[in-house]
Amino acid sequence: MAVTALSGQRWQGQLGSAGSAELDGTNDYIDLGGSATTYNFLTAGSFSIACWIKITPAHDKILFDNMNDKTPSTNKGITYLIEHAGGVTYQITMKFSDGSSSSSLVTTAVWGDTDWQHFCSTYDGTTMKIYRNGTEVASGSITSNTEDQSYVPRIGWATDGEKGKLTGNISDFLITNDVLSATEISDLQTTAVSDVSPAISNQQVHYKFTENFNDSSGNSRNATATGSEISSSVYK
């Protein structure tokens, strides 16, 4: 279903044909299209998540989440966390949980950069890697499981509606069900997802964030945005 009433996100950016969605850290979030089982990351064997982001670091913020719940036993899925590391610095945490145990990968480096930057995380069924601006910044073993996920994923706010409200902008958001190659990750530093050649395959969702929250992957998993207003502007 196409989004006809969009609110809360204000376009702030452009990379090739891409724009950006701004989230205000108060009541803005974006629910991805599809069902919870569409995003069974832990049973998929491999996946990648990539996007451009510009944030205002102040406290822990949810970039991407489909498991947070008040009941630990139903916390099944992943959380992509921009974790406050003191002052205006932050680091990236990827956390998997099956409702009884969890496994995390945390970058040892911390950053204070509030300008636009590109983050990508890949998982091959055993090893999770995190890239910042095309450079690998963390790698480690993450335990997979066979549990269904708790929720349809959300950008910018925990799915329990209580934690990690994101203040910032997101652009050219992509999920694939395979591991992006080093060349593809490098290409995404200078080229919008839709302009990478050869085309990135196995896309699950791709949100350009230009004029709406529609899915450009071909899977018709249009997102739903909740919040206030939209405006158009350019950061480059």
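Data block above holds the structure.
Because the structure is a prediction, the values reported are computed rather than measured. (Residues numbered from 1 in each chain as written. Predicted model: local features only at pLDDT ≥ 70, side-chain atom pairs only at ≥ 80, totals over all residues. Heavy atoms only, no water.)

(A) Main features of the pattern of salt bridges. Enumeration according to the criterion identifies 2 salt bridges in this entry. With a closest N to O distance of 2.8 Å, Asp 31 and Arg 154 form a salt bridge. Here Arg 154 lies in strand E11 (residues 154–155) and Asp 31 lies in strand E2 (residues 29–31), a separation of 123 residues in the sequence. According to the relative accessible area criterion, Asp 31 is partly exposed, its value standing at 22%. (Salt bridge = Lys/Arg side-chain N within 4 Å of Asp/Glu carboxyl O. Helix = DSSP H or I, 4+ residues; strand = E, 2+ residues; numbered from the N terminus. Buried < 20%, exposed > 50% of the residue type's maximum accessible area, 1.4 Å probe, protein only.)

(B) Molecular detail of the pairing of strand E8 (residues 117–123). In terms of burial, E8 is a largely internal element, 7 of the 7 residues being buried. Burial of E8 is two-sided: the residues Gln 117, Phe 119, Ser 121 and Tyr 123 facing one way and the residues His 118, Cys 120 and Thr 122 facing the other way are all buried. Relative to E8, strand E3 (residues 47–55) runs antiparallel, the two sharing 7 bridges. Bridging from a neighbouring strand, Ser 48 pairs with Thr 122 of E8. Here E8 hands over to strand E9 (residues 127–132) after 3 residues, with Gly 125 in that stretch at a positive phi of 100°. (Pairing = 2+ DSSP bridges.)

(C) Molecular detail of the side chain of Gln 91. Locating Gln 91 in the fold gives a position in strand E6 (residues 90–98). A relative accessible area of 15% places Gln 91 in the buried class. Separated by 2.8 Å, the side chain of Gln 91 and the backbone oxygen of Thr 107 make a polar contact. Contact partners of Gln 91, with chain neighbours within four places excluded, come to Leu 81, Ile 82, Glu 83, Ala 85, Val 106, Thr 107, Ala 109, Val 110 and Trp 111. (Polar contact = N/O pair within 3.5 Å; in protein donor to acceptor, adjacent residues only side chain to side chain. Contact = heavy atoms within 4.5 Å.)

(D) Summary view of the nonpolar core. Counting 38 residues, the largest nonpolar core has Leu 32, Phe 64, Ile 170, Phe 173 and Phe 209 as the members making the most contacts within it. The greatest single-element share of this core, amounting to 5 residues, is contributed by E3. Setting aside anything within four residues of it in sequence, one finds Leu 32 in contact with Tyr 39, Phe 64, Val 152, Pro 153, Ile 155, Phe 173, Ile 175, Val 205, Tyr 207, Asn 222 and Ala 223. Counting 10 residues, the second-largest nonpolar core is a separate cluster that includes Leu 180, Ile 185, Val 193 and Val 196. (Core = buried A, V, L, I, M, F, W, Y, C linked by side-chain atoms within 4.5 Å.)

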